[in-house]
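# Fold and geometry: a report
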Amino acid sequence: MSSPHDAPDLLFALLPDSGIAPDGPDTLEPLAAALQAQYPRAVTLNLHPPLRDVQGRCRWWAGDAPSPDGVAAALPHLMERLRLEAARLDLPWQRVALAGVGDGALLALEAVQAQPALVGRVLALAGGYLSRPEHAPQDVCVHLVHGLADQRFPYRHVVDAAQALVDLGADVTADLLPHLDHGLHPALIAKAMEQLRTFIPARLWREAVIAAQESERPVG
């Protein structure tokens, strides 16, 4: 019989880049392995793009380039799957995270812009927003990890989005790693794991300050 200590305490839904072969190697295995090593009670779930191009490769949307219509069409299926998996594992949305690479990162970022109370964290590796964010996702920690030599998603767009989120009061980190082109590099994974370990959301700081103030109030 399993004990409560055996129950999953986190769900990481992993979104690969477009263009992978559905019967090819698991491109997200290094990321899943790092997450499992750091969070032994977490569940990692690979969510593959539902569309296929003429070569049979996976796509999140029709065509090579993302578009507002393409992203909007991809979001409902992703959101429904996340809700179903969270309910199956009996996890609140705050204990669910999205980790995406390339187009998968873009989809994860746009998902929390479109839907509040969906996940508590987003890891966006080698990907960026479809358009500059105009509001901060509520109670979501966004971690942007990117290579400076990425030509598919130029880093300047990631920097611009991060600055916009900071100005909007979001919980965001942005790390740019030199000499890395587009792809899921080990250095990106290592930096993402570091941010997960060390970043403290602003809401937790606020709660700690309020608790400290309450404890300092005189009794009576």
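For the structure given in this document, a descriptive report is provided here. Just so it is clear, the structure is predicted and the values come from calculations on it, not from any experiment.

### Observations concerning the overall build of the protein chain
Of the regular secondary structure elements, the protein chain holds 6 helices and 8 strands. When its helices and strands are written in sequence order, the protein chain yields β-α-β-β-β-α-β-α-β-β-α-β-α-α. Classification of the 220 residues of the protein chain by burial places 45% in the buried group. In the protein chain, once contacts between residues fewer than 6 apart in sequence are set aside, the share between residues at least 24 apart is 68%. Carbon and sulfur atoms make up 56% of the accessible area of the protein chain, which amounts to about 11400 Å² in all.

### A closer look at the packing of helix α2 (residues 68–89) against helix α3 (residues 103–114)
The interhelical angle for the contact between α2 and α3, taken along N-to-C directions, is 80°, at an axis separation of 10 Å. As judged from the angle between their axes, α2 and α3 are roughly perpendicular. Side by side, α2 and α3 meet where Val71, Ala74, Leu75, Leu78 and Met79 of the first sit next to Leu106, Leu107, Glu110, Ala111 and Ala114 of the second. Class assignment of the residues belonging to the contact of α2 with α3 gives a composition of 9 nonpolar, no polar and 1 charged.

### Some details on the side chain of Asp150
Within the secondary structure layout, Asp150 lies in the loop between β7 (141–147) and α4 (155–167). Buried charge Asp150 goes without a salt bridge, the closest partner of opposite sign being Arg152 at 6.8 Å. Side-chain polar atoms of Asp150 contact the side chain of His182, separated by 2.9 Å.

### So, the pairing of strand β8 (residues 171–177)
Most of β8 is tucked away: 5 of the 7 residues are buried. Summarising the sheet, β7 and β8 pair through 7 bridges and their orientation is parallel. Residue Cys141 lies in a different strand from β8, and its bridge partner there is Asp171.

### A closer look at the nonpolar core
Counting 40 residues, the largest nonpolar core has Leu98, Leu107 and Leu144 as the members making the most contacts within it. The greatest single-element share of this core, amounting to 8 residues, is contributed by α2. Core analysis: the next-biggest nonpolar cluster, separate from the first, contains 23 residues, Phe12, Leu28, Leu177 and Leu196 among them.

What counts as what
- Residues numbered from 1 in each chain as written.
- Predicted model: local features only at pLDDT ≥ 70, side-chain atom pairs only at ≥ 80, totals over all residues.
- Heavy atoms only, no water.
- Helix = DSSP H or I, 4+ residues; strand = E, 2+ residues; numbered from the N terminus.
- Buried < 20%, exposed > 50% of the residue type's maximum accessible area, 1.4 Å probe, protein only.
- Contact = heavy atoms within 4.5 Å.
- Areas by Shrake-Rupley, 256 points an atom, 1.4 Å probe, with all protein chains shown as cover.
- Axes fitted to C-alpha atoms, helices over the stretch in contact; angles between N-to-C directions.
- Parallel < 35°, antiparallel > 145°, perpendicular 65-115°, else oblique.
- Nonpolar A, V, L, I, M, F, W, Y, C, P; charged D, E, K, R; others polar.
- Lys, Arg positive; Asp, Glu negative; His and termini not counted.
- Salt bridge = Lys/Arg side-chain N within 4 Å of Asp/Glu carboxyl O.
- Polar contact = N/O pair within 3.5 Å; in protein donor to acceptor, adjacent residues only side chain to side chain.
- Pairing = 2+ DSSP bridges.
- Core = buried A, V, L, I, M, F, W, Y, C linked by side-chain atoms within 4.5 Å.

So, to be careful, I would describe these as geometric facts and stop short of saying anything about function.
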